[in-house]
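One-letter residues, chain by chain:
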Amino acid sequence: MANFSLSLRRARKSSKEERAANQARFKEILGIVRKSDLKDGLTPEMTVELIQDLGTTFVKLGQIASTHPDMLPPEYCEALGALRTNARPLEFSVVKEQIESEFGKPLDELFGCFDEEPLGSASIAQVHKAQLPGGEVVAVKVQRPGVVETVTNDLAIMERIVEILDLVSKGKGGLSLKELVAELVKTSMEELDFANEESNLDRFYRNNEPREGVSSPKCYREFSTSSILTEDFVEAPPVEQIDDMGKTDDERDELAYLIAHNYMQQIMEDGFYHADPHAGNIMVMDDGGIEWIDFGMMGTITSTQRDTIKELILALVKGDAYSLKRSVLKVATPTGALDHAKLLEACEGVVEQFIDVDLEEFDTSQLMASITGTLENQGMDIDPFLTNLGRGLVTLEGTIRLISPRLNIMNVLVEYLRSGFDAGGVERMAKKFVGQAVDSAAALVTLPAKAEQTLDMVQKGHVKIGMELSSNEKFSRDIRAAAGLVAIALIAMGLVIGACILGASSSAVTLGGVPLFGGLGLVVGVGLAIYVFVKIRPYLK
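Residues numbered from 1 in each chain as written. Predicted model: local features only at pLDDT ≥ 70, side-chain atom pairs only at ≥ 80, totals over all residues. Heavy atoms only, no water.

1. Notes on the packing of helix α11 (residues 249-270) against helix α16 (residues 384-403)
Note the threshold: Between N-to-C directions, angles span 0 to 180 degrees; the directions come from axes that are lines fitted to C-alpha atoms, helices contributing only their stretch in contact. Numbering of helices and strands starts at the N terminus; helices are DSSP runs of H or I of at least 4 residues and strands are runs of E of at least 2. Oblique is the label for any angle not under 35 degrees, not over 145, and not in the 65 to 115 range, which are roughly parallel, roughly antiparallel and roughly perpendicular in turn. Crossings are classed by handedness, with left-handed meaning an anticlockwise turn of the near helix from the far one by less than a right angle and right-handed meaning a clockwise turn. We call two residues contacting when some pair of their heavy atoms lies within 4.5 Å. For this classification, the nonpolar set comprises Ala, Val, Leu, Ile, Met, Phe, Trp, Tyr, Cys and Pro, the charged set comprises Asp, Glu, Lys and Arg, and every other residue, Gly included, is treated as polar.
Running from N to C, α11 and α16 point in directions that differ by 170°, and their axes come no closer than 9 Å. The orientation of α11 relative to α16 falls into the category roughly antiparallel. Remark: the crossing between α11 and α16 carries right-handed chirality. Residues Arg-252, Leu-255, Ala-256, Ile-259, Ala-260, Tyr-263, Met-264 and Ile-267 of α11 pack against Leu-389, Gly-392, Leu-393, Leu-396, Ile-400, Leu-402 and Ile-403 of α16. In terms of residue class, the contact of α11 with α16 is built from 13 nonpolar, one polar and one charged.

2. Concerning the pattern of salt bridges
This is how the line gets drawn: Counted as salt bridges are all cases of a side-chain nitrogen of Lys or Arg within 4 Å of a carboxyl oxygen of Asp or Glu. In this scheme, a residue with accessible area under 20% of its type's maximum is buried, one over 50% is exposed, and one in between is partly exposed, where area comes from a 1.4 Å probe on protein chains only.
Under the definition given, this model contains 13 salt bridges. With a closest N to O distance of 2.8 Å, Glu-311 and Lys-330 form a salt bridge. Taken together, the residues Glu-311 in helix α12 (residues 303-318) and Lys-330 in helix α13 (residues 321-331) connect sequence positions 19 residues apart. The class for Glu-311 is partly exposed, based on a relative accessible area of 32%. The class of Lys-330 is partly exposed, set by a relative accessible area of 46%. Measuring nitrogen to oxygen at the nearest pair gives 3.5 Å for the salt bridge that ties Arg-401 to Glu-397. One end of the pair is Arg-401 and the other is Glu-397, both in helix α16 and four residues apart, which spans about a single turn. For Glu-397, a relative accessible area of 5% translates into the label buried. Taken together, the salt bridges that share partners define one network made up of Glu-198, Asp-202 and Arg-221.

3. A word on empty space enclosed by the protein
What counts, and what does not: Buriedness of a pocket was judged along seven lines, with at least five required to meet protein on both sides within 12 Å; pockets are open sets of points on a 1 Å grid over the protein atoms alone, cavities are sets where a 1.4 Å probe fits but cannot get out, and lining residues have an atom within 4 Å of a point. Grid points are joined across faces, edges and corners, and a volume is the space filled by probe spheres set on the points.
Enumeration according to the criterion identifies three cavities of 30 Å³ or more in this entry. Lining the largest cavity are 13 residues, with Ile-309, Leu-312, Ile-313, Met-368 and Leu-393 positioned closest to its centre. Listed by contribution, the elements that provide at least two residues to the lining of the largest cavity are α12, α15 (364-377), α16 and α17 (409-418). The residue inventory of the lining of the largest cavity, partitioned by class, reads eleven nonpolar, two polar and no charged.

4. Structural notes on the confidence of the model for the protein
Selection criterion: The pLDDT score gives, residue by residue, the confidence of the prediction method on a 0 to 100 scale.
For the protein, per-residue confidence averages 78 on the pLDDT scale, and residues scoring 70 or more make up 75% of the total. In this model residues 167-175 is a low-confidence stretch, pLDDT under 50, and it forms six contacts with partners more than four residues away in sequence or in other chains.

5. Let's talk about unusual backbone geometry
Trans is the prevailing form of peptide bonds, just as negative phi is the prevailing case for residues other than glycine. Backbone geometry places Asp-294, a non-glycine residue, at a positive phi of 65°. As for its placement among the helices and strands, Asp-294 is situated in the loop between β9 (290-292) and β10 (298-300). The class for Asp-294 is partly exposed, based on a relative accessible area of 35%.

6. Looking at the side chain of Arg-252
Counted only if it meets this: N or O atoms closer than or at 3.5 Å make up a polar contact, with two conditions inside protein: a donor-capable atom paired with an acceptor-capable one, and, for residues adjacent in sequence, both atoms drawn from side chains.
Here Arg-252 lies in helix α11. In this structure the side chain of Arg-252 is engaged in a polar contact, spanning 2.7 Å, whose partner is the backbone oxygen of Ile-403.

7. Topic: the pairing of strand β4 (residues 137-143)
Formally: Pairing between two strands is assigned when DSSP locates at least 2 bridges connecting them.
By the criterion of burial, β4 is predominantly enclosed, with six of the seven residues buried. Bridge analysis of strand β3 (residues 125-131) against β4 gives seven bridges, and the strand direction is antiparallel. Residue pairing for β4: Gln-131 is matched across the bridge by Val-137. Hairpin connection between β3 and β4: a loop of five residues separates the two successive antiparallel strands, and Gly-135 in this loop has a positive phi of roughly 100°. Strand direction decides the pairing type here: β4 and strand β6 (residues 228-232), joined by five bridges, are antiparallel. Bridged to Lys-141 within β6 is Leu-229.

8. Details of the pairing of β3
Relative to β3, strand β1 (residues 113-114) is paired through two bridges, and the arrangement is antiparallel. Considered in β3, the bridge of Phe-114 is made with Ala-130. Between strand β2 (residues 120-121) and β3, which pair antiparallel in sequence order, lie three residues.

Structural data, given as structure tokens:
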């Protein structure tokens, strides 16, 4: 298979020089549009047919557009959603030639049997059921021939069109054409190289193998290439057929909880989650367990980003507008001068919108729209990880509602966060042991940030203080004293946590059965903490 990045660079260069091949593609697109009867507009069905005629890249665009009801009416989104699984299948002779050219062997030497009728056909590839020589029943995903060259050429044309349009106007709200094309480049790059999906399959399989009731297909690398992917065949109905399974309400609740809880594990423990958890990508096994399929689109999230998500959700649950403001500043970057007062006011609006809503009634899509809308209105660029995660959660919410309207994923998420960490690990136990001390010290740690932001608002005239300072010198002394106490509190916190970790270690140096350095650190840390408490006690009254 042609290298996607190299092919795209070549296509970009070609499109800029307006070579004959791209001019021919422009003419082809124009001819297809002219053949369509657009006098009375496009119905949803006509739209799907036109996009299929335009080819792979436009089918992919239709797939992405189907997930954005803010851009298209619901009936068009529903019609375009059919492009996810229903595309015109390749002739079997083409499939056979593609496989044999990749492996350099006849098809009957590679597989014991191979079904000619595809299980499903999409814009990038189609899937066939087969059997390996060892007897394993597998699903073989075969990439459409020439798809890389076609996609990269069309993307280069579209990028050129975006450049021209951006000289005239900029998109306001929603998803701009430039953003749409950029996402198309990213998702196409991921999906056109099956080696990426191979790695995703292996990683997801390892992460979930020890979890009861959760499984995923195994990848057979010796029967896979960059354009052919072979994995276990999953013979089970998808969640979208839940109404035909005859499950009781309690069984549906258990299934919904299993899916939602596992998704939280993927996000908060693994940092590697299924980015497209729609009802067709989760199979229901006979024993009540689930099996995930289709790993072309996955999301990653760092430990720091996971901590930020925890802070953001818990701030909403507690109704703490300031903590919410502090959290959103970690996931969004101001494009200009930041107005702290307006941002805080906007966060208060988000909190007020959800503070009286029971967790069972939380609407995740409404919540994400409220948060992202608030940040966009403040002229801030949102970290892509939050957008991708939000999209996955909204898709999951639709899947869960299909199974059990009684379960809400926000309830599961908050329950998961409140349950804390797993019981294993010395560091986790130590942190839990000193949790209250850490919380108290954390309150002091936020003092400099609060002071800095408040002073910034005062300087810009956003906040007015109704008081007079009797002595500039006294004020300076107080500020220096407060900074000193914060520094001591930080040192105390570090000593206490370090002492607990050292104390729990089997290799710690002991004196009379007591960990020497751990005990010394704990004594000094507690002493410093008492000193800070005594100093600030008069101000707490």
